[in-house]
Amino acid sequence: KQEVTQIPAALSVPEGENLVLNCSFTDSAIYNLQWFRQDPGKGLTSLLLIQSSQREQTSGRLNASLDKSSGRSTLYIAASQPGDSATYLCALPQGAQKLVFGQGTRLTINP
Amino acid sequence: DAGVIQSPRHEVTEMGQEVTLRCKPISGHNSLFWYRQTMMRGLELLIYFNNNVPIDDSGMPEDRFSAKMPNASFSTLKIQPSEPRDSAVYFCASSPAGTPTDTQYFGPGTRLTVL
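Rules of the game
Residues numbered from 1 in each chain as written. Chains lettered and ligands numbered in written order. Predicted model: local features only at pLDDT ≥ 70, side-chain atom pairs only at ≥ 80, totals over all residues. Heavy atoms only, no water. Core = buried A, V, L, I, M, F, W, Y, C linked by side-chain atoms within 4.5 Å. Buried < 20%, exposed > 50% of the residue type's maximum accessible area, 1.4 Å probe, protein only. Helix = DSSP H or I, 4+ residues; strand = E, 2+ residues; numbered from the N terminus. Contact = heavy atoms within 4.5 Å. Salt bridge = Lys/Arg side-chain N within 4 Å of Asp/Glu carboxyl O. Disulfide = S-S within 2.5 Å.

Points about the nonpolar core
Residues and elements named next belong to chain A.
Here is step 1 of the chain: By size, the foremost hydrophobic cluster in this structure holds 23 residues, and its most contacted members are Leu19, Leu33, Trp35, Leu75, Ile77 and Tyr88.
Here is step 2 of the chain: Contributing elements (two or more residues each) for this core: β3 (19–25), β4 (32–38), β5 (44–51), β7 (62–67), β8 (72–77), β9 (86–94) and β11 (105–110).
Here is step 3 of the chain: Apart from the residues within four sequence positions on either side, Leu19 is in contact with Leu11, Val13, Leu75, Tyr76, Ile77, Ser80, Leu107 and Ile109.

A look at the pattern of salt bridges
Here is step 1 of the chain: Applying the stated criterion across every chain yields a total of 10 salt bridges over all chains.
Here is step 2 of the chain: For A:Asp39, the salt bridge is made with A:Arg37, and the minimal N-O distance between the two is 2.9 Å.
Here is step 3 of the chain: Exposure remark for A:Arg37: the relative accessible area of 16% places this residue in the buried category.
Here is step 4 of the chain: The shortest N-O distance in the salt bridge between B:Arg85 and B:Glu62 comes to 3.2 Å. One end of the pair, B:Arg85, is in the loop between β8 (74–79) and β9 (88–95); the other, B:Glu62, is in the loop between β6 (53–56) and β7 (65–71), with 23 residues separating them in the sequence.
Here is step 5 of the chain: Taken together, the salt bridges that share partners define one network made up of B:Glu62, B:Arg64, B:Glu83, B:Arg85 and B:Asp86.

Brief notes about the state of the cysteines
Here is step 1 of the chain: Scanning the model with the defined rule gives two disulfides over all chains in all.
Here is step 2 of the chain: Linked covalently through their sulfurs, A:Cys23 and A:Cys90 form a disulfide whose S-S length is 2.0 Å. Because the torsion about its S-S bond is 80°, the bridge between A:Cys23 and A:Cys90 counts as right-handed. In this pair, A:Cys23 is assigned in strand β3 and A:Cys90 in strand β9, connecting sequence segments 67 residues apart. Like A:Cys23, the residue A:Cys90 is buried in the burial classification.
Here is step 3 of the chain: Between the sulfur atoms of B:Cys23 and its disulfide partner B:Cys92 the distance amounts to 1.8 Å.

Below, the structure written as structure tokens:
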């Protein structure tokens, strides 16, 4: 059974800093790993999806890496902005399409 | 593109009442998922459908919960009778082809409060 852990649970940084969010998983036999963003009172928005054959994916100021052998993924956010404040969740498929989510990291960027 | 549509957005009901949550997936998507999010347990998959057929309902907490997908553009999640511990945000999501490499697109959720 896949278990997903995200550390830290909450993070507060000043605007402009680069930061890293962490995700670890127990079963390295994965199809892919996704990072989602959730704004308060809203649904989830997919940010990046890394296939198991890839080591990283980039979208704008976001870069996600995947190390299957160590069961880890990181989401790097460059030059953080107040608009980046949200909860970030990582998720992996277990079996066919059942996504298993971490508990998320609540990020606050202070102006 | 309207995205995944859920209704109602908020529901407040009393214990013992029947609750029906509704979802319209993105047109052309073949897979539909129902999730529940609570502070204690995070996001959990309740059930998912491929081509309107339930594939995995192992996450449905108990018999009080049921889900249907009568056609490709509509699904319901019903709780009868509702209990206070059912209070949560319920999300519906859809994906194009029902493969493990697909991205899932989430609706805005229904916040359910059972008094």
